[in-house]
Amino acid sequence: MAHVPNPRPTGDFRATYAADRTLFRTRNETMAVLAGVVLVALCPLVFGGYVLSQLIMIGIYGIAALGLNVLTGMTGQISLGHGAFFGFGAFASAWISGNGIPVLIAIPLAGLMTMAVGMIFGIPAARLKGLYLAIATLASQYILQDFFARADWFTGGTYGSLAETASFFGFQLNSDARYLYLVLFWVVVAFVAVANLARTRDGRALVAVRDHYLSAEIMGINLTRYRILSFGISSFFAGIGGALYGHYLGFVSAEGFTIILSIEFLAMIIIGGLGSVSGSLLGAAFILLLPQAMEVFANGVATVVPAIAQGTAYIKQMSVGAAIILFLVLEPEGLVHRWRMTRASWKLFPFSH
Amino acid sequence: MADRGSVILKVDDVSVRFGGVKALSNVSFDVRKGELFSLIGPNGAGKTSMLNCISGRYRPTSGNIAWQGDDLLKHSINDRASLGIGRTFQNLALFGHMSVLDNILVGRHHRMKNNFVTGMFYWVGGARREELKERRFVETIIDFLEIQHVRNEPAGILSYGLRKRVELARAIAIEPELILLDEPMAGMNLEEKEDMARFIIALREEFDMTIMMIEHDMGVVMDLSDRVAVLDFGRVIAAGSPEEVLADEHVKKAYLGEDDEMLDALAAEEAEAVA
Ligand SMILES: Nc1ncnc2c1ncn2[C@@H]1O[C@H](COP(=O)(O)OP(=O)(O)OP(=O)(O)O)[C@@H](O)[C@H]1O
Ligand SMILES: [Mg+2]
């Protein structure tokens, strides 16, 4: 296990226990996060549709990836069905709001519904671990996909369903600039909630179940309860992300919620950093932006070497794959780890070695 | 709460079989409130199996275990902490990626009330207050075991001796009435052993715990224990005060070739101390 140096500057001693259990590890970190939120909030003043839509998608995927990180990173249970729970949230919110409930209320309700479904599909975790559990979650992926295709009343079946536009006391969140604030709100809520979870009783219990379930049990932790709860929390955030996604696109159809999406969520948390709250957002950004960056790269190559202009699509796909593999080899502990190490070396500069 | 000296744990005719292996055969003994009870015996004698029966990991093939007059075997493993039974493990069983502080806080799990909902809201609903209160308690354990300097380190990177200490800290955090220690001094150097012996003595005096200990270091066992039971091939071959056990012919035979001379020396020492 890699050891990350203590991020606090020397002389920054904690005088009280409260100060030692703060949400962020340093005052600078707190300021940086606040500044980040403010900057994103200011983006609509500066940027146009493309940047805003990317920010919205990073936020939406980031919330869902955060959920998966609670399950896989914190609790150590791999899920191959997270994409289906994301889809369930999208359909659920479209369905709830289609029945006359305001979208802003439908979104958390969809989260709760997805949570319930996630806990039902999490029941095998009471008996199964590791790869066996992963295969059981694969079953939940296919069962839900089948459900999406058949449950016309809920999902519109093969046609899909319309998701209403969100509105806030009659104010329509019908543009990227407006929708960004709704996503930003949920990003802040979700990330603060999970960061809080990580420093309180049940969050510790989840990590204890992952690190050593036999001794966790002796400490009074009910393994079954926490293994299933972890599916519940994880699915709640998948559902919130899915709901935001549905209302953003305005239309929900089953094609997007396949095993590919589930695997992309896994890639996000592995690249961002397993068990890391902020890593979930970094990983989501990486997986969303990498294909676009590689497209630019492939097109650039094609202008220099016109002979391969036909193959830019392949070059793009291959370089996405190569970048992910390189990343995993060079930085197996994720983006967050890289960032901490970089910061630690800045702080010690010029005496970093 | 039981009076000092009264029986709190009663192991009655317990046998454990793994396929053809009889790990324990008709073992009976009891542990009394406030005492330090040691379980000794050669490797593979069944000591850890006995502890596992008490802490719920193994289910006896036959026999009963009573905890404060109540049938212990009907309770699930995760009830042990709130029943008042804590333990450490022979092969370290810490939460390797968690900080020392969080490891010990897990020991407080069964005494805490905040859950994932109130935890997520932290500032409203009392989670913050409770976390800080428990943190304060855990700091007293950290001070007691002198591990302040590693409290924020991940437990997995600590030295063996420190990890043993953190395990003890986590078990103390349960505030159990009975603490089960499986070879707390194994693999330690003399200085670390002396520290550990000091902590174990203080467990009884400051934390008012009853201790059941498995230990191979006979010197430590004889010095610290009120009563000793000796297991060999899954059977209790002797039980009683340290000097009675040392004088026992069966015990000498069981340890024959191993520490024969050392046993004699210890027996002489004990006899002197008694006289
Ligand atoms: N889970 C198990 N499955 C099969 N056999 C087991 C199991 N646990 C213990 N045994 C066997 O039971 C016997 C007693 O083992 P145990 O670990 O209780 O001994 P011990 O007295 O603690 O030994 P040591 O001093 O080496 O720790 C051994 O023969 C061991 O192989
Ligand atoms: Mg043993």
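Refer to the structure above for everything that follows.
Only a predicted model underlies this, so the values are computations on that prediction, with no experimental measurement involved.

A. Local environment of the overall build of chain B. Regarding its fold elements, chain B presents eleven helices and ten strands. The globule rule puts the C-alpha radius of gyration for 275 residues at 19 Å, and the 20 Å found for chain B is close to it. Along the longest, intermediate and shortest principal axes, the C-alpha atoms of chain B span 65 × 40 × 40 Å. By the burial criterion, 56% of the 275 residues in chain B qualify as buried. Long-range pairs, those at least 24 residues apart, make up 67% of the contacts in chain B with a sequence separation of at least 6. Counting every atom, chain B has about 11600 Å² of accessible surface; 49% of that belongs to carbon and sulfur. Each charge class in chain B was averaged separately, 32 positive and 45 negative side chains, and the resulting centres sit 9 Å apart.

B. Representation of the interface of chain A and chain B within the structure. With 36 residues of chain A at the contact, the number on the chain B side is 45 residues. Taken together, the two surfaces of chain A and chain B that pack against each other cover about 3700 Å², and 65% of this comes from carbon and sulfur. For the pair chain A and chain B, the number of links is two salt bridges. Put simply, Arg 57 of chain B and Glu 217 of chain A hold a salt bridge, and the shortest N to O gap is 2.9 Å. On inspection of chain A and its partner chain B, the count reaches twelve residue pairs in polar contact (both at pLDDT 80 or more).

C. Structural context of helix α3 (residues 49–74) of chain A. All names here are of chain A. Relative to the 38 Å expected for 26 residues at 1.5 Å per residue, α3 spans 35 Å between its end C-alpha atoms, a close match to the ideal helical length. Most pronounced at Leu 68, the bend in α3 amounts to some 30°. Of all 26 residues that make up α3, 22 are buried, and the element is covered over most of its length. Of the residues trailing α3, Gly 76 is marked for its positive phi of about 80°.

D. Highlighting the site of ligand 1. Residues and elements named next belong to chain B. Neighbouring ligand 1 are 14 residues; Gly 44, Lys 47, Thr 48, Ser 49 and Gln 90 lie closest to it. Within the backbone of Ala 45, one N or O atom sits 3.2 Å away from an oxygen atom of ligand 1. One of the side-chain nitrogen or oxygen atoms of Ser 49 is found 2.6 Å away from an oxygen atom of ligand 1. If ligand 1 stood free it would expose 640 Å²; the protein chains cover 65% of that surface. Within the residue set of the shell around ligand 1, elements represented by two or more residues are β2 (21–32) and α1 (47–55). Ranked by residue count, the leading element in the shell around ligand 1 is α1, at three residues. Class assignment for the residues of the shell around ligand 1 results in five nonpolar, seven polar and two charged.

Calculation rules
- Residues numbered from 1 in each chain as written.
- Chains lettered and ligands numbered in written order.
- Predicted model: local features only at pLDDT ≥ 70, side-chain atom pairs only at ≥ 80, totals over all residues.
- Heavy atoms only, no water.
- Helix = DSSP H or I, 4+ residues; strand = E, 2+ residues; numbered from the N terminus.
- Rg over C-alpha atoms; globule rule 2.2 N^0.38 Å.
- Buried < 20%, exposed > 50% of the residue type's maximum accessible area, 1.4 Å probe, protein only.
- Contact = heavy atoms within 4.5 Å.
- Areas by Shrake-Rupley, 256 points an atom, 1.4 Å probe, with all protein chains shown as cover.
- Lys, Arg positive; Asp, Glu negative; His and termini not counted.
- Charge placed at Lys NZ, Arg CZ, Asp CG, Glu CD.
- Buried area = accessible area lost by both parts, 1.4 Å probe.
- Salt bridge = Lys/Arg side-chain N within 4 Å of Asp/Glu carboxyl O.
- Polar contact = N/O pair within 3.5 Å; in protein donor to acceptor, adjacent residues only side chain to side chain.
- Expected span 1.5 Å × (residues − 1).
- Bend = angle between axes of the 7 residues up to and from the residue.
- Near = heavy atom within 4 Å.
- Nonpolar A, V, L, I, M, F, W, Y, C, P; charged D, E, K, R; others polar.

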